[in-house]
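Examining the three-dimensional arrangement
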Amino acid sequence: MWLFKGKGPSGFSYSSTAEEVTHGIDGSGLTAIVTGASSGIGSETTRTLVLRGVHVIMAVRNMGAGKDVREAIVKEIPAAKVDVMELDLSSLASVRKFAADFISSCRSLNILINNAGVMAIPFTLSKDNIELQFATNHLGHFLLTNLLLDKMKETTRETKREGRIVNVASEAHRVTYREGIRFDKINVQQSYSRYLAYGQSKLANILFTNELTKRLKDDGVEITANSLNPGAISTNLFRHMTIVHGLASTVGKLVLKNVQQGASTTCYLALNPQVKGVSGEYFLDNNLATPSTMAKDMDLAKRLWDFSMDLVK
């Protein structure tokens, strides 16, 4: 439980909230995209960034829910700069449309938070015939990031302010298939495990972050990329796990993080000056953490990048 977890080197801990880790930070003049912003830690991440003066574009699949969250934020923060745009990460066409619409809006882009995800769902194929957890949690964000990179580079050059890419992963990356990423079996239903497939997609988030960091450094651009585990949080991610969902809704309130705590590491990486220039790292509870050995395998990261590029062509 969080009651027994002390502060780490950052001065923050398991129990720190998104507002606490961004206290006193002025985000005015910054523009951010947050995927999955219509519920859970995505909506709290949005609210906190807006509270700090950031102009946030909520990238959501459910426009009705997104507009409701936006309305609540504006009611709380009358000066809020927040917009809602439709994005279905399980559809490559939707990702391309979102990116094209955003770029044509001529907005700048300082921060990209790849937060949206699905968890432990029954075997399902996406609209592009790719296993849905891999498609939504990794591939959609992979394509989105690559489509928006030039805009981020342009913004960084023009504003002389560091760009930040934040990928929400999970400690579940440690529980995946034996080979880590099943390149030749992504869509094989017979050996599908909803839990291992989720772990595979979260491992992909970290590997993608690491390869992206290498490429950004090679390009010499002032954009960082980091991944994180938000912690165990009572959100609707558990909705496909009947027993677990029941526990999360009852006992979970005593032992799991609330959304304010769950969004803290994301907001820390997005805004806090402590992580300026830090890239290619994995964070937990607002502090540096060590991912699995497989997650640090740069050969695997490169192979995943090439594999993903082939899938999105």
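See the structure printed just above.
Residues numbered from 1 in each chain as written. Predicted model: local features only at pLDDT ≥ 70, side-chain atom pairs only at ≥ 80, totals over all residues. Heavy atoms only, no water.

Now for the packing of aromatic side chains. Counted according to the given criterion, the structure contains eight aromatic pairs. For the ring pair F208 and W305, a centre distance of 5.8 Å and an interplane angle of 35° mean the geometry is tilted. Highlighted residues: F208 in helix α6 (residues 194-219) and W305 in helix α11 (residues 298-312), separated in sequence by 97 residues. Each member of the pair, F208 as well as W305, is classed as buried. Connected via pairs of aromatic rings, a cluster forms that spans F12, Y268 and F283. Its end group placed over the ring of Y177, R182 keeps NZ or CZ at 4.1 Å from the ring centre. Over the ring of Y14 we find K257; its NZ or CZ atom is 4.8 Å from the centre of that ring. (Phe/Tyr/Trp six-rings, centres within 6.5 Å; stacked < 30°, edge-to-face > 60°. Helix = DSSP H or I, 4+ residues; strand = E, 2+ residues; numbered from the N terminus. Buried < 20%, exposed > 50% of the residue type's maximum accessible area, 1.4 Å probe, protein only. Lys NZ or Arg CZ within 6 Å of the ring centre and 35° of its normal.)

For helix α10 (residues 264-271), a buried count of eight out of eight residues is recorded, marking the element as mostly surrounded by other parts of the structure. Every buried residue belonging to α10 is among S264, T265, T266, C267, Y268, L269, A270 and L271, and all of these are buried.

Every second residue of strand β4 (residues 111-114) is oriented toward a common face, with I111 and I113 on one face and L112 and N114 on the other, all of them buried. Sheet topology places strand β1 (residues 31-35) next to β4; three bridges connect them, and they run parallel. Across the sheet, residue A32 finds its bridge partner in β4, namely I111. Note that β4 and strand β5 (residues 163-168) share four bridges and pair parallel. Counterpart to I113 in the pairing with β5 is V166. Traced from β4 through helix α5 (residues 132-159) to β5, the parallel crossover comes out right-handed. (Pairing = 2+ DSSP bridges. Right-handed = clockwise from strand over helix to strand, strands pointing away.)

Our focus in this paragraph is the pairing of strand β3 (residues 82-86). Every other side chain in a regular strand lies on the same face of the sheet, so the side chains alternate between the two faces. Pairing geometry for strand β2 (residues 55-60) and β3, over five bridges, is parallel. Within β3, the position partnered with I57 by the bridge is D83. Assessed by its sense of winding, the connection that carries the chain from β2 through helix α3 (residues 63-76) to β3 is right-handed.

Considering only enclosed or pocket space, the second largest pocket measures out at about 260 Å³ in volume. In this structure, the second largest pocket is lined by I25, D26, L30, N110, I111, R161, E162, R164, A270, L271, P273 and K276. Taken together, the residues of the lining of the second largest pocket sort by class into six nonpolar, one polar and five charged. (1 Å grid on protein atoms, 1.4 Å probe; cavity = no way out; pocket = protein on both sides within 12 Å on 5 of 7 lines; lining within 4 Å. Points joined across faces, edges and corners; volume = space filled by probe spheres on them. Nonpolar A, V, L, I, M, F, W, Y, C, P; charged D, E, K, R; others polar.)

Our next topic: α5. Between the first and last C-alpha of α5 there are 37 Å, a value that for 28 residues agrees with the 40 Å anticipated at 1.5 Å per step. Remark: the principal bend of α5, roughly 45°, maps to L149. For α5, the side-chain oxygen to backbone nitrogen distance between the N-cap and Q133 is 2.8 Å, and the N-cap itself is E131. Immediately beyond the C-terminal end of α5, within one or two residues, lies K160, with a positive phi of roughly 60°. (Expected span 1.5 Å × (residues − 1). Bend = angle between axes of the 7 residues up to and from the residue. Polar contact = N/O pair within 3.5 Å; in protein donor to acceptor, adjacent residues only side chain to side chain.)

A few words now on the pattern of salt bridges. The final tally for this structure, using the stated rule, is 17 salt bridges. Across the pair K127 and D88 runs a salt bridge whose closest N-O atoms are separated by 3.1 Å. Placement of K127 in the loop between β4 and α5 and of D88 in the loop between β3 and α4 (92-104) is noted, with a sequence separation of 39 residues between them. Note on K127: relative accessible area 62%, which makes it exposed. You can call D88 buried: its relative accessible area is 13%. (Salt bridge = Lys/Arg side-chain N within 4 Å of Asp/Glu carboxyl O.)

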